[in-house]
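Spelled out, the chains give:
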Amino acid sequence: MENHPTWIKALLMVALVLSLALPTKTQAQKEDLPRVTAMAKFDLKAHRVIGKVTILVPASKKVRIVADSLVRIKGPKGKEGHFGPYAKPKRVTFKFSATFQNPATGSYIGPEGIVLPSSWFPQPEGLALYRLTATLPSRLTVVSSMDRVFQKKEGAKTTYTFYFPHPCKTIPLIAAPYHLSMAQAQGITLAVYLLEKDEDLAQRYLLAMAQYVKEYNDLVGPYPYRRLAVVANPIMETGYAFPTFTLLGRHVIRLPFILHTSLPHEILHNWFGNGVYVKGSNWCEGLVSYLADQRMAEKKGEGWRYRHRTLVNYQAYVTPDKDLPLIQFQGKYDPASQAIGYGKGAMVFHMLRKKLGDETFSQAIRELYKNYLFKEAGWQEIGTLMEETSGQDLSSFFQAWLYKRGVPWLQVRVRTAKAEKKGNYLVYITMEERGPQFPLQVPVIIETAKGKKKVTLDMEKKQVKAKAEVEGKPQRLLIDPDYDVMRRLTLPEYPPLVARVLGSGGFMVGGNSQVYTPLKAFLRQKGYREVDSSLIPLENTSQNIIYLGELPTNSPYLFHRPPKGASLYMEVQENPYHQEATVTWITSASLRETRRFLPKLPHLGAYQTLATSQGRLSTMEKPHFLRGIRIAIQDQAVGVNLKSLLSLAQVARAVSPSRVIFLGEEHPEYGHHLAQLDIIRWLVEHGHQVAIGMEMFQKPFQKVIDQYLEGKLDLAQFLKETEYFSRWGFNYKLYKPIVDFAKEHKLPIVALNISREITQKVAKEGLKALTPEEKKEIPQHLDFSNESYRQYLKRVYEAHGNSQKDIKDFEAFYQSQILWDEGMAQSIVDYLSRHPDRQMVVIVGKGHVAYGYGVPSRVERRGIQPCSIVILGNDQELDPNMGDYLVVPPSSEPPFSAKLGVIIKEDKDGLLIKMVLPHTPAQRGGLRKGDLIIRADRQRVKKVEDLRAILYQKNPGDTVKITIKRGKRTKTLTIGPFRTKEEKQKPYHHPKAETESKKNP
Ligand SMILES: [Zn+2]
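Values in this document were obtained by computation on a predicted structure and should not be read as measured data. (Residues numbered from 1 in each chain as written. Predicted model: local features only at pLDDT ≥ 70, side-chain atom pairs only at ≥ 80, totals over all residues. Heavy atoms only, no water.)

Trainee: Any chance you could break down the coordination of the zinc ion for me, citing the residues and the numbers?
Mentor: In an ideal octahedron of six donors the angles at the metal are 90 or 180 degrees, and in an ideal tetrahedron of four donors they are 109.5 degrees. Only H265 (NE2), H269 (NE2), E285 (OE) and E285 (OE) from the protein reach the zinc ion as donors, at distances of 2.0 to 2.7 Å. Geometry at the zinc ion is irregular, judged from its four donor atoms and the angles of 53 to 155° they form at the metal. Sequence spacing of the donor residues for the zinc ion, all on one chain, is H-x3-H-x15-E. Residue H265 is located in helix α2 (residues 262-268), and its partner E285 is located in helix α3 (residues 284-299); the two are separated by 20 residues in the primary sequence. The pair H265 / E285 is uniform in exposure class, with both members buried. (Donors = N, O, S within 2.8 Å, 3.2 Å for Na, K, Ca; no water. Tetrahedral: all angles 85-135°; square planar, octahedral: opposite > 155°, others 65-115°. Helix = DSSP H or I, 4+ residues; strand = E, 2+ residues; numbered from the N terminus. Buried < 20%, exposed > 50% of the residue type's maximum accessible area, 1.4 Å probe, protein only.)

Trainee: Go over the sheet that holds strand β16 (residues 188-194), please, and point to the residues and values.
Mentor: Here five strands make up an open sheet; going across it, the order is β15-β16-β17-β19-β18 and the pairing mixed. In this open sheet, the two edge strands, each paired with only one partner strand, are β15 (179-185) and β18 (239-242). Sheet twist, expressed as the mean angle between neighbouring strand axes with direction ignored, is 15°. In terms of strand pairing, β15 meets β16 through seven bridges, oriented antiparallel. (Pairing = 2+ DSSP bridges. Axes fitted to C-alpha atoms, helices over the stretch in contact; angles between N-to-C directions.)

Trainee: Quick rundown of the side chain of D931? Include the residues and the values.
Mentor: Looking at where D931 falls in the secondary structure, it is placed in the loop between α23 (921-925) and β44 (932-936). For D931, the contacting residues outside a window of four places in its chain are L911, L912, I913, G926, I964, K965 and R966. (Contact = heavy atoms within 4.5 Å.)

Trainee: Residue-level account of the sheet that holds strand β23 (residues 424-434), with values.
Mentor: Pairing within the open sheet is antiparallel, and its three strands lie in the order β22-β23-β26. In the strand order of this sheet, the two ends are held by β22 (409-418) and β26 (463-471), each with one partner. For this sheet, the mean inter-axis angle between neighbouring strands, taken without regard to orientation, is 20°.

Trainee: Give a detailed account of the packing of aromatic side chains, specifying residues and quantitative values.
Mentor: In this structure the tally under the stated criterion is 36 aromatic pairs. Ring plane angle 20° and centroid distance 5.4 Å describe the contact between F349 and W379, whose orientation is recorded as stacked. Highlighted residues: F349 in helix α5 (residues 335-356) and W379 in helix α7 (residues 379-390), separated in sequence by 30 residues. Since its relative accessible area comes to 0%, F349 is described here as buried. Take W379: its relative accessible area is 6%, and that puts it in the buried class. (Phe/Tyr/Trp six-rings, centres within 6.5 Å; stacked < 30°, edge-to-face > 60°.)

Here is the structure:
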């Protein structure tokens, strides 16, 4: 069986027919093998079999006789024992009887049918030749490993003699009232044994079987037997592979995906496992997983995804206490052993194929089959064949991969230098393996401004250095993006998913209702401990946490809301403080739903989000991850420990659990806005329910914003009706990407600021000047007590403020500033209280958030926390108290905004030009002081906004038609073309400065 992606394969039980027998010496000739003749009679009602076995022990061979513990044997030495060596071949005879009435033992005899997979009568250990004769009621059809079968009916009973002239390790017997469908293809007989009549299903199987036999004939060599069957198990939900047939559970057999998952895997076992037998450690699950399951994915272009999942499973399940070297793998008994024997085993064959090349590898596989068919082979034989076929010395490869535990953990350093040839660069790569050293061939792609270059690093020792010359400036190393190497995944490649939750224990919180009782029992087995506290702070634990039931009120903002109609919901996220740990939420509506979900859960390891409805899985989402190890190549790093530098995504992740995330900007810096957008985008992509709070909009205009986001207004109307240009005034293009993103992703934008009229009045005249009406619009409680903030604002005031005629004195300035902060804090708190499922990203000037003084402390005072502060700035602001993170965005060209170069005043009939600035489009186009602008591009302009909304649409090179009244004449002048160079606008962000800038369109 395979590590199956979907739950239903839960039902498939572990099959270890292949490794039931212990290894013996390779037996080369049929003459050297014991010959077994067995006769069995069945009493179905009594669950009983009785019979006689004769074993011909070859001359000078020693044979050990074994049987299932339920089998009673009467023979020369009692139950079991060794026979031989004898000088001549010798016959030994046993009588046996057994009762199989408990399906849990894996064997069963009853009126519904018979399932006897192995060792149900005394038989020699290792390979032997069998002839089985069985007598049963005629209503049952019997299947065994066979090339042909002879039947003889006597009364109500039929005697079957199975003809199977090939060495094998045991002989099974299955019987039930079957509906049999048959076909001939590829020179063999195909058969399907179903418990219900379903000719369509039988035909689908026959078709698929013919196709796989052809495929593996071509790939490995001709099918070894004359017959191939798929048989429904009448008793148990199994997935066993026997020579010449596959036994699938009666429910499993009907699942459509089995035809391209389990079926090819089990069929290929006829070549490896039941054709070439396993000697010693079990290599065949790795090879069959690789040639069947991996290859199916590869043919669809998804080989990398299959291999990535293999690496994920290994990392999730193979904890150090469960790790085994591959050489010790016998069969799977839990997800860890499966991740080793099937997963790591398959990857060893993949790495061999990459090392030897496709042709040599497949030639070696064909040789393995040809040379060892009906014989036993071990890793030793495989290694020798691979070496002989390729002419390479593979001893260190096999030595490491078979005998060492664990997987390599790659560490990479890179530096660059200019090469002699102009435009070329030298890239120096140092790659190191942490932990045990494994021979590896690691593909590395160097991405440059001009393209890509692929190199392969041959890791024959712990540290390897490589140098490559590339064209164009190197930007990034992409290491092993196709998962060609068995290795430890880096955190960005190792997304939060169920396997990680089940692979290692941790804490579970909540779930006091009995709805969760079976789930808690299950989780306890997986190593989860219940903790009383309603919440373990995520910062303080690097262990997994599972919240059961209601989320604690102060739990982190990590989870989505369950979809409508879901009865059970499970979501896995990463602990943002400890990425190696997961945080999971499981909530269920009923005990019944929990019970129905639980058996499926172990088979849903590849998913991040699951929901059920009426016991059926209604949502199954896989996590997003980045392919390959990615290493950005930095220009240079000055004075900072690069190991401590975080990417913007890491910053986003770190602040992501906060209820409020302040992104303090310098308004005119376009790079700041792009970084803000990147953080918002990260949050949205990681499932956060984000609202965007913006200082740039004032509360009375919330409705207009909502209408614009709903698509009811166009951009020009939006800008006009929010009075954006007169109330905020900075180039709207700075904020446009954020607003557009919000619109596209249906994120609410919350206007945070109180009306400019009020803050301006306070700045001019102080708080006491407000009317009772105006006082209603401001928060009840204003906190003036922060002395440090007062001092901080005093410095700001003295630097800019006291020259402003709009401000009365420092006291009034201070009051207006506090009012502004308190107003925004109140807006944030009001919104979040009404929307408990949201978290807010606040776009605000950094003066309002630096040191937490302005808005953040006032939000926390109102009971909303935690808050995170991200300061956008430059490397001169390395003050640890200023915020939680400093983000230094690359400088970006500000977006273009067209300007006339005039100072204007709104007048009764238009805009009166008070001054024309020199060397501007206005001057060049002939505008003069005293002109009254009445139209722009033929549209009537009355307010500054009207003109700016028109200019806003202009690109470099455009012109605008300005219609003016000059004295009694009306005149239209063409102004422009506008040039990028004249774009220079650095208004200061306090209110008085805004009024200045807005008059300079
Ligand atoms: Zn298998």
